[in-house]
Amino acid sequence: MSDTPGKQQNTAAFYGQAVASFAVAMAATAIGIFKLNADAWVRGFLAIAVLYLVTSAFTLAKVIRDRQEAVERSYHPFEKL
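Residues numbered from 1 in each chain as written. Predicted model: local features only at pLDDT ≥ 70, side-chain atom pairs only at ≥ 80, totals over all residues. Heavy atoms only, no water.

1. Topic: the overall build of the protein chain
Worth spelling out the cut-off: Note on conventions: DSSP H or I runs of at least 4 residues are helices, E runs of at least 2 residues are strands, and numbering of each starts at the N terminus. Burial here depends on accessible area, computed with a 1.4 Å probe over protein chains only, as a share of the maximum for the residue type. Under 20% is buried, over 50% is exposed, and the range in between is partly exposed. For every accessible area listed, the method is Shrake-Rupley and the probe measures 1.4 Å; residues are considered covered only by the protein chains on display.
If you tally the helices and strands in the protein chain, you get two helices and zero strands. In the protein chain, which comprises 81 residues, the share counted as buried stands at 2%. Taken as a whole, the protein chain presents about 7700 Å² of accessible surface, with 67% of it coming from carbon and sulfur.

Written out as structure tokens, the structure reads:
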């Protein structure tokens with residue numbers, strides 16, 4: 001049995017579920033903001049805040065992933081000689 005860790009891959013079903021969940025959440029939020037009984041500027045402010053939150057979440061996820069990959073790829077000059 002090999003102890004070398006391989007790159008873990010997500011299944012297509014997991015990927016599809018994640019995309020569908022994100023789409024449903026964004027649609028529900030957009031509908032909620034659109035149906036909100038408030039002035040247009042309030043709805044616009046909330047919409048911009050949601051978009052900012054989403055882009056910040058994607059950026060944070062990328063930074064965390066990049067940091068974890070950097071730790072996994074630490075330099076070992078004499079490994080596999």
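2. What to know about the packing of helix H1 (residues 12-35) against helix H2 (residues 40-72)
Note the cut-off: Orientation is described by lines fitted to C-alpha atoms, with helices fitted over the stretch in contact, and by angles between N-to-C directions that extend from 0 to 180 degrees. Should an angle fall under 35 degrees it is taken as roughly parallel, and over 145 as roughly antiparallel, whereas 65 to 115 is taken as roughly perpendicular and any remaining angle as oblique. Helix crossings are classified by the rotation of the near helix relative to the far one: an anticlockwise turn of less than a right angle makes the crossing left-handed, while a clockwise turn makes it right-handed. Between two residues, a contact is recorded if the distance between any of their heavy atoms is within 4.5 Å. Residues are grouped as follows: nonpolar covers Ala, Val, Leu, Ile, Met, Phe, Trp, Tyr, Cys and Pro; charged covers Asp, Glu, Lys and Arg; every other residue, Gly included, is treated as polar.
The contact between H1 and H2 brings their axes to 9 Å, and the two run at 160 degrees. Classified by the angle their axes make, H1 and H2 are roughly antiparallel. Pair H1 / H2 crosses with right-handed handedness. In this structure, H1 contributes Phe22, Met26, Thr29, Ile33 and Phe34 to the contact, and H2 contributes Arg43, Leu46, Ala47, Val50, Leu51, Val54 and Phe58. Of the residues in the contact of H1 with H2, the class split is ten nonpolar, one polar and one charged.

3. Brief notes about the pattern of salt bridges
The cut-off we apply is this: For salt bridges, the criterion is a side-chain nitrogen of Lys or Arg within 4 Å of an Asp or Glu carboxyl oxygen.
Counted under the stated rule, the structure contains two salt bridges. Between Lys62 and Asp66 there is a salt bridge; the shortest N-O distance is 2.6 Å. Highlighted residues: Lys62 and Asp66, both in helix H2, separated by four residues, approximately one helical turn. Judged by relative accessible area, which is 28%, Asp66 ranks as partly exposed. The partner of Arg65 in a salt bridge is Asp66, with the nearest N and O atoms 3.1 Å apart. Taken together, the salt bridges that share partners define one network made up of Lys62, Arg65 and Asp66.

Read these as layout, nothing more, since geometry by itself doesn't imply function.
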